[in-house]
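Examining the three-dimensional arrangement
For reference, the chains in residue letters:
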Amino acid sequence: MGKLSTAIGLMSGTSMDGIDVALLRTDGESVVQRGPSAGYAYDARFRARLKQGLEDAKSIAMRVERPGTLAQLERDLTLRHAEAVRTFLHENNLLPEDIDVIGFHGQTVLHRPDEGLTVQIGDGDLLAHETQIDVVYDMRANDMVHGGQGAPLIPAYHAALARGLSERQEVGAPVIFVNIGGISNITFIGADGRIVAYDSGPGNTLIDQWVEAHAGIPYDQGGMIASEGAVLVELAERYLSHPFFTAQKRCSLDRNDFAPPSSADASLEDGARTLAYVTAAAILRSAAHLPEAPATYVVCGGGRLNPIIMKDLTNLAEAAHARVLAAEALELNGDSMEAEAWAYLAVRSLRGLPLTYPGTTGVDRPVSGGRLASKVIDAEAEQG
Ligand SMILES: Nc1ncnc2c1ncn2[C@@H]1O[C@H](COP(=O)(O)OP(=O)(O)OP(=O)(O)O)[C@@H](O)[C@H]1O
Ligand SMILES: CC(=O)N[C@H]1[C@@H]2OC[C@@H](O2)[C@@H](O)[C@@H]1O[C@H](C)C(=O)O
């Protein structure tokens, strides 16, 4: 085993619900220790600013551009991450010098893989300065430079976790990790360790947008609204017949690639129920492109907390002779897994190890990535 690092991962995902923070001890290969972790929710006003940021980002042609509100938003987002780190350290009796590196995802405001354009706002230098911890950030860009989709990046971490599950009887091979966030993505780990991964469709984002527009709430907690509704088959098929599911090439998704239904399409309840079904069925449709049918689905991300999605996914997977397990059934943490992944990837970045592979993003060869913002250089610059 190589030298162990203690890393903090920070994730602000496509759901834009808050900042997930996780601590990880790793040598960039094995995961030696996971946790603690925490989530710090955004208030409604900041969520609204992030949504405006997505609108402003639509005019970006070069990834360094920050039109409209984006420059100020980037600064405020970074300061919120710094505050999250300080709170996390305090809550866990840790000091900045206990942490070797932070892996900082930032917020994706635009993702157009066909144009080789992906933009995550988040100022690594400012975060390093504020926290006095080295920061690795902007981890998607180098993948795109080398022909990759720039996403998903979590598969390298899923593969590391899967190595620790191989002894467990309930985990039949091949296994896939399913991350149901705003968008869903899947990682297949073959019996020989082969990794195949890609975005699998809309996750919670359609449900979130639907209930926000029609009930004024950010998400359908516990699937309560969906549980009162019925699946509208025609509406579901409209989503599931999208060319994304049948295309030759697997593509990564932007949050806006799928739009919520219009109010004429469904009642609040039927809309929520139908979109929950679409979330589950999209995973199965995309899984049909895997090299082998999975035997075990390990589910992480906020969507696993919606019992309607989980019931539909379980029914569909069982019909394909597979088993669905929430991450917690395997003593994993389905809420902090992405933040853990960003900690893991930061350590890999520092060691020059690949973050992505031809099988995960379509990149032309395994490549590393990320930019390092050093607290030391920052402090020296201040003195000078
Ligand atoms: N108790 C719950 N009941 C139902 N849905 C929930 C619950 N908790 C979270 N969710 C859903 O999960 C979403 C957040 O999931 P998660 O944090 O995994 O997304 P993300 O990391 O922002 O997205 P991505 O993985 O696409 O970047 C919420 O927006 C909500 O839709
Ligand atoms: C461009 C971007 O931010 N994509 C996210 C998004 O959210 C889920 C899915 O789409 C995945 O591709 C990715 O995040 C995960 C954490 C990843 O890169 O692995």
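Criteria and cut-off values
Residues numbered from 1 in each chain as written. Chains lettered and ligands numbered in written order. Predicted model: local features only at pLDDT ≥ 70, side-chain atom pairs only at ≥ 80, totals over all residues. Heavy atoms only, no water. Near = heavy atom within 4 Å. Polar contact = N/O pair within 3.5 Å; in protein donor to acceptor, adjacent residues only side chain to side chain. Areas by Shrake-Rupley, 256 points an atom, 1.4 Å probe, with all protein chains shown as cover. Buried < 20%, exposed > 50% of the residue type's maximum accessible area, 1.4 Å probe, protein only. Helix = DSSP H or I, 4+ residues; strand = E, 2+ residues; numbered from the N terminus. Pairing = 2+ DSSP bridges. Phe/Tyr/Trp six-rings, centres within 6.5 Å; stacked < 30°, edge-to-face > 60°. Lys NZ or Arg CZ within 6 Å of the ring centre and 35° of its normal. Salt bridge = Lys/Arg side-chain N within 4 Å of Asp/Glu carboxyl O. Axes fitted to C-alpha atoms, helices over the stretch in contact; angles between N-to-C directions. Contact = heavy atoms within 4.5 Å. Nonpolar A, V, L, I, M, F, W, Y, C, P; charged D, E, K, R; others polar. Domains from an automatic or database assignment. Buried area = accessible area lost by both parts, 1.4 Å probe.

**Some words on the site of ligand 1**
Around ligand 1, a shell composed of 21 residues is seen, among which Thr14, Asp208, Gly222, Gly302 and Glu338 lie nearest. Contact distances for ligand 1 include 3.4 Å between an oxygen atom and a side-chain N or O atom of Asn204. Here a nitrogen atom of ligand 1 sits 2.8 Å away from a polar atom, N or O, in the main chain of Gly222. For ligand 1, the accessible surface in isolation is 660 Å², of which the surrounding protein chains cover 87%.

**A short note on the pairing of strand E9 (residues 183-189)**
Walk down a regular strand and you will see the side chains alternate between the two sheet faces. With respect to burial, E9 is a largely interior element, seven of its seven residues being buried. On E9, burial covers both faces: Ile183, Asn185, Thr187 and Ile189 on one face and Ser184, Ile186 and Phe188 on the other are all buried. Counted between consecutive antiparallel strands, the loop separating strand E8 (residues 175-180) from E9 contains two residues. Here E9 pairs with strand E10 (residues 195-202) via seven bridges, running antiparallel. Each residue of the ladder has a partner; that of Ile189, found in E10, is Ile195. Between the antiparallel neighbours E9 and E10 lie five residues, among them Gly193 with a positive phi of about 90°.

**Considering the packing of aromatic side chains**
For the structure on display, the rule yields five aromatic pairs. Both rings, one in Tyr42 and one in Phe46, keep their centres 5.0 Å apart while their planes meet at 55°; by these two values the pair is tilted. Tyr42 gets classed as buried once you look at its relative accessible area, which sits at 5%. Judged by its relative accessible area of 1%, Phe46 is buried. Ring pairs connect the aromatic residues Phe244, Phe245 and Phe258, which therefore count as one cluster. For the cation-ring pair, Arg80 lies above Phe46, with the distance from its terminal atom to the ring centre recorded as 3.9 Å. For Arg250, the ring lying beneath its charged end belongs to Tyr198, and the centroid distance is 5.6 Å.

**Description of the pattern of salt bridges**
Oppositely charged side chains can pair when the atoms bearing their charge come close. Going through the model one piece at a time under the given rule, you end up with 19 salt bridges. For Arg34, the salt bridge is made with Glu340, and the minimal N-O distance between the two is 3.8 Å. Of this pair, Arg34 sits in strand E3 (residues 31-41) while Glu340 sits in helix H10 (residues 337-350), placing them 306 residues apart in sequence. A relative accessible area of 30% means that Arg34 is categorised as partly exposed. For the salt bridge of Asp312 with Arg273, the shortest nitrogen-to-oxygen distance reads 2.9 Å. Note that Asp312 is positioned in helix H9 (residues 307-319) and Arg273 in helix H8 (residues 268-287), a separation of 39 residues in sequence. Residues Asp312 and Arg273 agree in their burial class; the two are buried. Among the charged side chains, a network of salt bridges with common partners joins Arg63, Asp138 and Arg371.

**Focus on the sheet that holds E8**
With respect to topology, five strands assemble into an open sheet ordered E10-E9-E8-E11-E12, the strand pairing being mixed. With partners counted over all chains shown, the strands left at the sheet margins are E10 and strand E12 (323-326), one partner each. Averaged over all pairs of adjacent strands, the angle between strand axes in this sheet comes to 20°, irrespective of strand direction. Here E8 pairs with E9 via six bridges, running antiparallel. Counterpart to Ile180 in the pairing with E9 is Ser184. Lying on the sheet, H9 is in contact with E8, strand E11 (296-300) and E12; it crosses E12 at an angle near 150°.

**Brief notes about the site of ligand 2**
What surrounds ligand 2 is a group of 15 residues, the closest being Thr108, Arg140, Leu153, Ile154 and Asp199. The backbone of Leu153 places a nitrogen or oxygen atom 2.8 Å from an oxygen atom of ligand 2. Compared with its free state, where it exposes 430 Å², ligand 2 has 97% of that area covered by protein. Those elements that provide at least two residues to the shell around ligand 2 are strand E5 (107-112), E9 and H10. Here the residues of the shell around ligand 2 are counted per class, giving seven nonpolar, five polar and three charged.

**Focus on the environment of Ile8**
Here Ile8 is to be found in strand E1 (residues 5-11). Separated by 125 residues in the primary sequence, Ile8 and Ile133 place their C-alpha atoms 9.7 Å from one another. Contacts of Ile8, omitting those with residues within four sequence positions, involve Val21, Ala22, Leu23, Val85, Phe88, Leu89, Ile99, Val101, Ile102, Gly103 and Ala343.

**A word on the domain arrangement of the chain**
Under the domain assignment, the chain is made up of domain 1 (5-149 + 367-383) and domain 2 (155-330). The centre of domain 1, based on its C-alpha atoms, is set 25 Å off from the matching centre of domain 2. On the domain 2 side, the residues contacting the 15 residues of domain 1 number 18 residues. Contact between domain 1 and domain 2 buries roughly 1300 Å² in total, counting both sides, with carbon and sulfur atoms accounting for 43%. The largest share of the area that domain 1 buries against domain 2 comes from Thr14, His111 and Gln149, three residues that together contribute 37% of it. Across the contact surface, domain 1 and domain 2 share one salt bridge. Between Glu212 and Lys51 there is a salt bridge, with its nearest N and O atoms 2.3 Å apart. Elements that contribute at least two residues to the side of domain 1 that touches domain 2 include exactly E3, helix H1 (44-57) and E5. Here the residues of the side of domain 1 that touches domain 2 are counted per class, giving six nonpolar, four polar and five charged.

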